[in-house]
Amino acid sequence: MTAGAVPMVRLEGVSKRRAQGGSVFELQVPSFAVGAGQVVAVVGASGCGKSTLLDLIALVMSPSAAQCFEMSPGGGVATCDIRRLWASADEAALAALRRDYLGYVLQTGGLLPFLSVRDNVGLPGRIKGAPGGGARLDRLAARLGVAACLERMPDSLSIGQRQRVAILRALAHGPRLVLADEPTAAVDKARARAIMDDMHALARDEGVAVVVVTHDVDLVAESADLTYTFDVEQVNAQETRSVCRGLGRAGRA
Amino acid sequence: MSAQARPLLLVPGLAAAQLRHEWILSLCLVIALAAVIAPLLVLLGLKHGTIETLRERLVEDPVFRELRPAQTREYPDAWFDEVRDWPGVAFLTPTILPLSSVLQVVERDSGRGVIFDLLPTAPGDPLLLENGAGVPVDGELVLSAEAARRAGVGAGDELTVRVGRSRAGRAEVAEARLKVAAVLTPRAGSLARLYAPLAFVRDVEAYKEGYAVPARGWAGDTPEPFLSFDGAVLLLRAPLPPIVRTGLIINTGFARLEEAGAAEVEALLGFAPAQGLQAYALDAGGGVVTVSSLRALEQKLRGYDRVLLPYVRKLALTAAGGEPLQPLGLSVDAGQAAMLGLSASPWGGFSAASGEPGRLTSVLLPRTTDAPPDRLAVESAGVGVLAFELARVGESPFARPVVPIELLGVLRTATQRGVGFDAARGRFEMARGGYRGFRLYAGRIDDVPALFQRLRGLGIETIAEVEAIERIQVLDAGLTRLFWLISVLSVSGGTAVLVASLYASVERRRRDLGVLRLLGFARAHVFFFPVAQGAIIAGLGLVAGFAGYASLAFAINRSFASELAPGESFCVLPAGDIPLAIAATLALAVLAALVAAARATRIDPAEAIREQ
């Protein structure tokens, strides 16, 4: 993390409490930050709250409490106080932030089955109102090895191809931050590594920050600038508490 | 931050793409909607088509726009000027007394002269113009189909028509050769009728009343009223042989002959003739006894020593003072008087011609204690009140005053026809017949009920096809109600299908909608996703529905083609209702989508995207 730079996303003292069927889960994030262009890995076993953290950052889940929750897209755009937007339930502003600065890679790709691959990839740009240039898209597609898939429907792709297309879609409209939720959970280890490496390489080339959530530490150990993990604690029979903790530059040494 | 409107513009395209992707489900939905829309359109088309066809037929046939007067009465010229300007009146012409409005035409098959009704017409007459004829000018006739058939003429032929009248007891006939301008289609009526300009009809009437019509070379003068009687008493010295008696009621205009006793004779004549005479009472069986009847009877009785005395049974005569006057009528010459045991009438024997001025207004007054007046003012109630003076010319041999029987004949006629008294010339005159009716056509059938009521308001009862028109209005209202009932049923079914399908689609596509939210769509944007889908489905359903309607309507109109005139259809949509049907369907589809739309906005993307 470059000293003095304003982080793109900053969470201080953020917590999310979720009650589900009599059991309560509480995620506490004392401090979390993603700097511009950084690759941040969020690792942990399932149920530790890493998806919850990602949803908070993706602006689709409101925090239960927060001391500070800010987003600074950079490029002269003012810092947004996410806490205030949630407090005022300004759904449109949150949606606008999502569409302008965020890219999202779902566990299972999350491609729209009724659009062709090219339309899926182009959709975020169209929503943003800045349809991506065909040349850049084709270049990115070639780098991800899915150039031949562009005119096909998502149904006809293999799972690995779908994930690559999902990464392409997350990057195509030039976001500042890509959020990836277990992007390689459905493919074998070798393929997963290749996909992960491609994503990281592409993100670095495009200067895009990445937050990747995974249960597989090895997969991200080499490429992540920062790693966060969770300490899960059973408070009582009903309540589970998970605290997010930074690990620094994981496994680089 | 980029403008918010942009994502919204993507919604219809994405919604359409999803529908296309799930094309089987979409197709089923479109068919379901079309299955609701098409029958409703056909029903609406049938309702509109049949009602319009019925209405068109009424509108087309001028008979349904006619208002015919139910009674004969006099209408002043001003009345026609006023009514012609009423809203809804398309055509109006006066008519004359039906009895005067006839012409004699020689029937082709039998060679006999038959009487056809003559009706006045004028430019713009819808009965003629809409039944294949033009309006005749003077010297022309338009014939009804039946008249043309019986007379054996067609358009362009010449037809000789006769006008008959009886003047001073003589039958007279005038002739005219007229051109048949056209023959009406049978639809215009089944009766044998002739249509001619009003001026010709009026000339016919004038001639029949005894006037001269110099323009047509028809002779005559100012006509005297014809004489009419209720019956006659025949007095003979000896009874008639039965064969002669029977002959008296054949072709004489009399219908009944009976032997009459002295009392009966006195009751009929008002006096008792000399005893020992054989008396017979004759009458026309309730009809009118005319001078020609009397003449025919006299003809048959030539050689018999007889007296024929016509009588008039009842007249409402009042003297100037207001007391009723009941004169008996008697005109006998010396010979007849001798046979009856009376003295001859000062005015002579019975004469069909009125004779010198003042002859008819003579009276014999009974001997009274006071000196009888020389002149007696009398009023007679008839078509109009007839006022005149009787001049005393002698003393009545009876208790009642005696007047010439011809006077009573005139007064009896005056109870049925307009008769005036010219005091200066001392003679009665037939009044010229005024307008006694009209032919009125409304512009549209919907005007008929209003005109019917308006005329009734003036005390003029008319005969019109108000019922037929109202029947159609009732049928229209009933079918409309039925249509709406069926519409409510099927539209609620169609709406329910749409609600369920769109809702199910949102449930099925939760994950996709979640992804769309993640990609930057706001709640407000995904709201329009089902709405757009509803509108698209409705639009396609409308296209399919209209296509179904068009083919069904074509089939219906084809199968009923034999019942329909060219240009008529049983199944046709009113042009104004088509945009209405489209708007209503789209509006309903959008309403149906609102439930699904509300559901779509409640989708939590964080949950939706992790559903497998």
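Residues numbered from 1 in each chain as written. Chains lettered and ligands numbered in written order. Predicted model: local features only at pLDDT ≥ 70, side-chain atom pairs only at ≥ 80, totals over all residues. Heavy atoms only, no water.

Novice: What is the right way to look at the sheet that holds strand β24 (residues 462-464) of chain B in this model?
Specialist: All names here are of chain B. Across the sheet, which stays open at both edges, the four strands sit in the order β2-β23-β1-β24 with antiparallel pairing between neighbours. What marks the edges here is a single partner per strand, and that holds for β2 (89-95) and β24. This sheet shows a mean twist of 20 degrees between the axes of neighbouring strands, independent of strand direction. Pairing between β2 and strand β23 (residues 437-442): six bridges, direction antiparallel. By the bridge assignment for β23, V89 is matched with A442. Running over the sheet, helix α3 (residues 77-84) touches β2 and β23 and is turned about 170 degrees from β2. (Pairing = 2+ DSSP bridges. Helix = DSSP H or I, 4+ residues; strand = E, 2+ residues; numbered from the N terminus. Axes fitted to C-alpha atoms, helices over the stretch in contact; angles between N-to-C directions. Contact = heavy atoms within 4.5 Å.)

Novice: What should I look at first to understand the pairing of strand β18 (residues 375-381) of chain B in this one?
Specialist: All names here are of chain B. What you see with β18 is a clean split: L376, V378 and S380 sit on the buried side and R375, A377, E379 and A381 on the side with no burial. Note: strand β15 (residues 317-319) against β18, three bridges, orientation antiparallel. Residue pairing for β18: L317 is matched across the bridge by S380. The sheet contact formed by β18 and strand β19 (residues 385-395) spans seven bridges and is antiparallel. Bridged to A377 within β19 is E389. The loop that links β18 with its antiparallel partner β19 comprises three residues. (Buried < 20%, exposed > 50% of the residue type's maximum accessible area, 1.4 Å probe, protein only.)

Novice: How do you make sense of helix α13 (residues 466-508) of chain B when you look at a structure like this?
Specialist: Three or four residues apart is the spacing at which side chains of an α-helix point the same way, because the helix has 3.6 residues per turn. With 43 residues, α13 of chain B should reach 63 Å at 1.5 Å per residue; the first-to-last C-alpha distance of 61 Å fits that figure. For α13 of chain B, every residue scored as buried is listed here: V466, A468, I469, I472, F483, S487, G494, L498, L502, S505 and V506 of chain B. (Expected span 1.5 Å × (residues − 1).)

Novice: Mind showing me how you'd approach the interface of chain A and chain B here?
Specialist: How big an interface is tends to be stated in terms of accessible area lost as the parts join. Chain A puts 32 residues into the contact, and the matching count from chain B is 30 residues. Taking both partners together, chain A and chain B bury about 2800 Å²; carbon and sulfur atoms supply 62% of that area. Among the residues of chain A in contact with chain B, R99, F114 and I127 of chain A are the three that bury the most area, contributing 24% of the side total. The tally of links from chain A across to chain B stands at one salt bridge. Among the salt bridges present, the one from E91 of chain A reaches R517 of chain B, with a minimum N-O distance of 2.5 Å. Here chain A is connected to chain B by six residue pairs in polar contact (both at pLDDT 80 or more). At the level of secondary structure, the elements contributing two or more residues to the side of chain A that touches chain B comprise α1 (50-57), α3 (91-101) and α4 (117-128) of chain A. No other element matches the eight residues that α3 of chain A contributes to the side of chain A that touches chain B. (Buried area = accessible area lost by both parts, 1.4 Å probe. Salt bridge = Lys/Arg side-chain N within 4 Å of Asp/Glu carboxyl O. Polar contact = N/O pair within 3.5 Å; in protein donor to acceptor, adjacent residues only side chain to side chain.)

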